[in-house]
Each structure stands twice: as structure tokens, then as C-alpha cells.
Amino acid sequence: MSATTAAIGTELLKARRSRLPWVTVSAFTIAAAFGGLVMFILQDLRRARSLGLLGTKAALTGGTADWPAYFALLAQTVAVGGALLFGLIVVWLFGREFSQGTVKDLLALPTARTTIVGAKFAVAAVWSLLLACYLFALGLLAGAVIGLPGWSPAIALHGLAELLVTTVLTVVLVTPFALAASTGRGYLAGVAAMIAAVFSAQVVTLLGYGRYFPWSVPALYTRLAGPGGDPPGALGFTLVSLVGVAGIAATTAWWRQADHDR
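A short tour of the structure in this document, coming up. Keep in mind the model is a prediction, meaning the values are calculated, not measured.

When helices and strands are tallied, the protein shows 11 helices and 0 strands. Scored against the burial criterion, the 262 residues of the protein give a buried share of 43%. A sequence separation of at least 24 residues applies to 78% of the contacts in the protein between residues at least 6 apart. Accessible area of the protein: about 12900 Å², with a carbon and sulfur share of 69%.

Moving on, we come to the pattern of salt bridges. Counted under the stated rule, the structure contains 6 salt bridges. The partner of Lys-14 in a salt bridge is Glu-97, with the nearest N and O atoms 2.6 Å apart. Placement of the pair is Lys-14 in helix H1 (residues 3–16) and Glu-97 in helix H4 (residues 67–99), with a sequence separation of 83 residues. Given a relative accessible area of 18%, Lys-14 falls into the buried group. When its relative accessible area of 1% is taken as the criterion, Glu-97 is described as buried. The shortest N-O distance in the salt bridge between Glu-97 and Lys-120 comes to 2.8 Å. Taken together, the residues span a long stretch of sequence, with Glu-97 in helix H4 and Lys-120 in helix H6 (residues 113–146) at a distance of 23 residues. Note on accessibility: Glu-97 and Lys-120 belong to one class, buried.

Time to look at H4. Because each turn of an α-helix spans 3.6 residues, side chains separated by three or four positions in sequence point in the same direction. The largest bend along H4 measures about 55 degrees and falls at Gly-81. Counting buried positions along H4 yields 26 of 33 residues, so the element is predominantly enclosed. The N-cap of H4, judged by a side-chain oxygen 2.9 Å from the amide nitrogen of Ala-69 a few residues on, is Asp-66.

For helix H9 (residues 187–207), with 21 residues, the first-to-last C-alpha span of 30 Å sits near the 30 Å given by 1.5 Å per residue. Of the residues making up H9, those classed as buried are Gly-190, Met-194, Ala-197, Val-198, Ala-201 and Val-204. Along the axis of H9, the buried residues cluster in a sector spanning 135 degrees; they form a single face. Summarising the geometry of H9, the exposed residues directed more than 90 degrees from the buried face are Leu-188, Phe-199, Leu-206 and Leu-207. The elements touched by buried residues of H9 are H4 and helix H8 (175–183). The first or second residue beyond H9 is Gly-208, which carries a positive phi of 90 degrees.

Right, let's talk about the packing of aromatic side chains for a bit. Per the counting criterion, the structure on display carries 14 aromatic pairs. When the ring of Phe-98 is compared with that of Trp-255, the centres are 5.8 Å apart and the planes differ by 65 degrees; the resulting orientation is edge-to-face. Here Trp-255 lies in helix H11 (residues 233–257) and Phe-98 lies in helix H4, a separation of 157 residues in the sequence. Each of the two residues, Phe-98 as well as Trp-255, counts as buried. Seen in terms of ring centroids, Trp-254 and Trp-255 are 6.4 Å apart; in terms of plane orientation they differ by 70 degrees. Their pairing is edge-to-face.

The next thing to look at is unusual backbone geometry. Phi at Arg-185 takes a positive value of approximately 55 degrees, unusual for a residue other than glycine. Positionally, Arg-185 belongs in the loop between H8 and H9.

Inspection of the secondary structure puts Val-90 in helix H4. On a C-alpha basis, the gap between Val-90 and Pro-176 in space is 9.1 Å, while along the polypeptide they are 86 residues apart.

Calculation notes
- Residues numbered from 1 in each chain as written.
- Predicted model: local features only at pLDDT ≥ 70, side-chain atom pairs only at ≥ 80, totals over all residues.
- Heavy atoms only, no water.
- Helix = DSSP H or I, 4+ residues; strand = E, 2+ residues; numbered from the N terminus.
- Buried < 20%, exposed > 50% of the residue type's maximum accessible area, 1.4 Å probe, protein only.
- Contact = heavy atoms within 4.5 Å.
- Areas by Shrake-Rupley, 256 points an atom, 1.4 Å probe, with all protein chains shown as cover.
- Salt bridge = Lys/Arg side-chain N within 4 Å of Asp/Glu carboxyl O.
- Bend = angle between axes of the 7 residues up to and from the residue.
- Polar contact = N/O pair within 3.5 Å; in protein donor to acceptor, adjacent residues only side chain to side chain.
- Expected span 1.5 Å × (residues − 1).
- Arc of directions from axis to C-beta.
- Phe/Tyr/Trp six-rings, centres within 6.5 Å; stacked < 30°, edge-to-face > 60°.

Quick look at the structure:
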């Protein structure tokens, strides 16, 4: 067994023995159910009012109840909620070693520090992509149950592609939170960086400069700002890529060179 395979297996074992996978699955289950509820409300507002549902809240999605609108809503959910959930995964993977006092034992192993960091990022990426696929599968089930119109294989494939692209963009953007959790030697700094990025993305987008701020790009890509919003463009995607490269490189450099004396 190679060192990389062993490191990935170790990270997977830690995740399997924790409650976080169930927390993230539960969160995406709620997200899919909420999206289905919104579509159910929009199908017939009069029926929704008679059932005591808040149909006026569902108008935020654009007022249509069909498969393209539902797939767009799922992608928008990942663009916003994914920054928190995927960020939480990354912060947990890196911060737990310091919070639980296992970092010295980890670094005493005959495994390169870069391999350990790479394994953590790989597990975070696969974990996040599986959650996105799970959300899409639940979306298919919910949409079929409530009888959404406008189905076609092409529309479903387009919805899946948009969801996966949004997931990749979001996962790339949470890599700097690993550096924050590492330098802060625990969860607090990583969570603080995550909240700051998500809050700043909302503010910058409202000011109309979202295409210049990497953490606003996933939301702009999913047209969360509405049809009149500016698309991220090549510049936005380039900035996202640079953030991802910088986050991975800086985290790897810190783990390779920092003096872990606690």
C-alpha cells in the first residue's frame, strides 16, 4: 500500500467514526426537501395558502415550478450553503488534529507532510462531490413525487452539470480555510475565515462587484443575483482558480515548514 493510499484511508476512517458525515448529509437532505417544498408551493399558490404554507416566500425563486427552475435552485443552494458545509468539512479535517491533540502523533509517522495534506484535500473534495450527487438524486426524487413539468434527459444532464460545476467552484474556494485552521491550530480560526468570506461575498455582490470577488463567483454562476446580474466571466473563474492554487500551496507550505511545538 502506498503512502498516499494509506493517508487517504486514515482520513476516511476518521471521517467514518465522526458525526460530521451525518450532519452534512442531513443538511443536504433538508436543502432538497426545502427546494421541493418551494416547487410544491409554486405549483398552486391557492392550494399552498389553504394548507397554511407561505407562498409569498417562494416567489424569491422567480415564480416558476418546473424542472429547470428546481435544478437551478439546487445549484444555488450549493453556491451558498456549500461554502459553509464544504468549508466546515475542510476546517474539521485540518483543525481536528490540533483540537484533539493528535497533530504530534500524526507528524511522527513515516509519511511526508505533503502527503498528509494532499490526503485531507482529496477526502474533502470527494466528500463534497458525493454530497452534491446526493442532493441531485434527492432532487430527482422530490421533483418526481410532486410532478414537476418540463422533464427531459437533456435538462437533467444540464442541471447535473451546473450543479457539479458549482460544487467544484465552491470546493476550490474553501481551500484557504484549511490554512486558517492550521495556522490557528484549531477550528475557531477556520470557522471565522469561512464566515468572513461568506459574509463578504454577500456584501460585495450587493454592491455590484461580485465578478471581481472570488467567493461571489459560484452564486453569480448560478444566476442567484437574478437574470440581470453580471456573469462571472473569465476573470471570475481565473480568480477562483488562483484562490484554490494559493490555498493548497500555502497550506502545504505551512505544514511542511511550521514548527509544531504544541
